[in-house]
Amino acid sequence: MPSAPRSRNTAPPREDVLAAVMATVAERGLDGLTMAALGREVGMSSGHILYYFRTKDELLLQTLEWSESRLGAERHRLLSRPTTVRERLDAYIALYLPAGHRDPHWTLWLEVWNRSRGAADDARARQAAIEAAWHRDLVALLAEGGSRGEFHRVDAERFATRLRALLDGFSVHVAVGLPGTSRDQVLQSAAEFIDETLTAPTGLTLP
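As the structure is a prediction and not an experimental result, all values here were calculated from the model. Each chain has its residues counted from 1, running along the sequence as written. Side-chain atom pairs in this predicted model are given and counted only at pLDDT of 80 or more, local residue features only at pLDDT of at least 70, and totals for whole chains, interfaces and linings cover all residues. Values shown for side chains rest on all heavy atoms present in the structure; no hydrogens or waters enter the calculation.

**Examining the overall build of the chain**
Then, in step 1: Strands are runs of DSSP state E lasting at least 2 residues, helices are runs of H or I lasting at least 4, and numbering of each runs from the N terminus. The helix and strand inventory of the chain stands at 9 helices and 0 strands.
Then, in step 2: Helices (α) and strands (β) of the chain occur, in sequence order from the N terminus, as α-α-α-α-α-α-α-α-α.
Then, in step 3: Projecting the C-alpha coordinates of the chain onto the three principal axes gives extents of approximately 70 × 40 × 35 Å.
Then, in step 4: In the chain, which comprises 207 residues, the share counted as buried stands at 43%.
Then, in step 5: The criterion used for residue contact is that any of the two residues' heavy atoms lie within 4.5 Å. The contacts in the chain between residues at least 6 apart in sequence include a share of 68% that link residues at least 24 apart.
Then, in step 6: For every accessible area listed, the method is Shrake-Rupley and the probe measures 1.4 Å; residues are considered covered only by the protein chains on display. Total accessible area computed for the chain in this model is approximately 11,400 Å², and 53% of it derives from carbon and sulfur atoms.
Then, in step 7: Counting rule for charge: Lys and Arg are taken as positive, Asp and Glu as negative, and neither His nor the chain ends is counted. To locate a charge, the coordinates of NZ of Lys, CZ of Arg, CG of Asp or CD of Glu are taken. The averaged location of the 27 negative side-chain charges in the chain is 4 Å from the averaged location of its 25 positive side-chain charges. The cut-offs for exposure are 20% and 50% of the maximum accessible area for each residue type, with area from a 1.4 Å probe on protein chains only; residues under the lower value are buried, those over the upper are exposed, and the others partly exposed.

This is the structure:
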């Protein structure tokens, strides 16, 4: 049964607006995300949207946080599985990387960070919190792998920083569609890096 028409004075649930932003980015890219088009999608005026979110920057950041909360739940599920640490690390990397060219989450992530140069301290702190959640989980994986003997013992904090920098660089290439950096190619490169640095025979120089 179709839902009853929404009153002109009733705003849709916040998640409906954020989901509509993500769907628009996935379908039409950031160029297609205008306040007018979004308003038509959710049954609000552009002024009404800005009343709730104040600025487009805030709307984008809240959408990124909403998307990250969903990814965080999936990450928790994957990392809680009773499998080897290497299998969980591979799952972490697969979730971290874009699904492909123009991945909407990574498209949004790149736009938010690009806009952050002039952002207020609060906005930058919220962005940093997103990064910190990924970092903490990776550090924990690396430490567990070392304690279980699956990985060489490394400085988990330092290694996690380097690995995430590698993944970020690869992810940008995948998201913008740089030739020679498909998702499958990047997954293979990441797996080779883990093999060479964390599970290779001892005697090699580790980062």
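Still more ground to cover, so stick around.
**Concerning the side chain of glutamine 127**
Then, in step 1: Topologically, glutamine 127 is positioned in helix α7 (residues 121–148).
Then, in step 2: Glutamine 127 sits in the buried class, given a relative accessible area of 3%.
Then, in step 3: What glutamine 127 contacts, discounting residues up to four positions off in sequence, is Leu61, Val112, Trp113 and Ser116.

**What about unusual backbone geometry?**
Then, in step 1: Although it is not a glycine, arginine 54 sits at a positive phi angle of roughly 75°.
Then, in step 2: A positive phi angle is found at arginine 102, which is not glycine, with a value near 65°.
Then, in step 3: On the secondary structure map, arginine 102 appears in the loop between α5 (85–96) and α6 (104–115).
Then, in step 4: Exposure remark for arginine 102: the relative accessible area of 62% places this residue in the exposed category.

**Observations concerning the nonpolar core**
Then, in step 1: One finds Leu38, Ile49, Leu59, Leu89, Tyr92 and Ile93 to be the most contacted residues of the largest nonpolar core, which totals 53 residues.
Then, in step 2: The residues contacting leucine 89, other than those within four sequence positions of it, are Leu138, Leu141, Phe151, Leu163, Ile194 and Leu198. The criterion is simple. A nonpolar core is a set of buried Ala, Val, Leu, Ile, Met, Phe, Trp, Tyr and Cys residues joined through side-chain atoms within 4.5 Å.

**Focus on the packing of aromatic side chains**
Then, in step 1: Note on ring pairs: Phe, Tyr and Trp rings are taken, using the six-membered ring of Trp, and paired if centres are within 6.5 Å. Classes follow the plane angle, with under 30 degrees stacked, over 60 edge-to-face and the rest tilted. Enumeration according to the criterion identifies 8 aromatic pairs in this entry.
Then, in step 2: Members of the aromatic cluster, each reached through a chain of ring pairs, are Tyr92, Tyr96, Trp106, Trp109, Trp113 and Trp134.
Then, in step 3: Distance and angle both matter: a charge sits over a ring if NZ of Lys or CZ of Arg is within 6 Å of the ring centre and within 35 degrees of the ring normal. In this arrangement the basic side chain of arginine 75 is found over the ring face of tryptophan 134, its NZ or CZ atom lying 4.2 Å from the centre.

**Thoughts on the side chain of histidine 105**
Then, in step 1: Following the sequence through the fold, histidine 105 ends up in helix α6.
Then, in step 2: With residues near it in sequence (within four places) discarded, histidine 105 still touches Met22, Leu64, Ser67, Glu68 and Leu71.

**Things to note about helix α8 (residues 156–176)**
Then, in step 1: With 21 residues, α8 extends 30 Å from end C-alpha to end C-alpha; this agrees with the ideal 30 Å at 1.5 Å per step.
Then, in step 2: Among all positions of α8, only Ala156, Phe159, Ala160, Leu163, Arg164, Leu167, Asp168, Phe170, Ser171, Val174 and Ala175 are buried.
Then, in step 3: On its buried face, α8 is in contact with α5, α6, α7 and α9 (183–197).
Then, in step 4: With a side-chain oxygen positioned 3.3 Å from the backbone nitrogen of glutamate 157, the residue opening α8 is aspartate 155. What a helix should span is 1.5 Å times the count of its residues minus one. In protein, a polar contact requires one atom able to donate a hydrogen and another able to accept it; more generally it is a pair of N or O atoms within 3.5 Å, and residues adjacent in sequence count only if both atoms are side-chain atoms.

**Digging into α7**
Residues that lie three or four places apart on an α-helix share one face, since the helix turns once every 3.6 residues.
Then, in step 1: Taking 1.5 Å per residue, 28 residues should reach 40 Å; α7 reaches 40 Å between its end C-alpha atoms and fits that length.
Then, in step 2: Just past α7, the residue glycine 149 takes up positive phi, approximately 85°.

**Regarding the environment of alanine 91**
Then, in step 1: Within the secondary structure, alanine 91 sits in helix α5.
Then, in step 2: Judged by relative accessible area, which is 13%, alanine 91 ranks as buried.
Then, in step 3: It is 18 Å that separates the C-alpha atoms of alanine 91 and aspartate 103, two residues lying 12 residues apart in sequence.
Then, in step 4: Those residues within four positions of alanine 91 in sequence are excluded, and the remaining contacts are Leu78 and Arg81.

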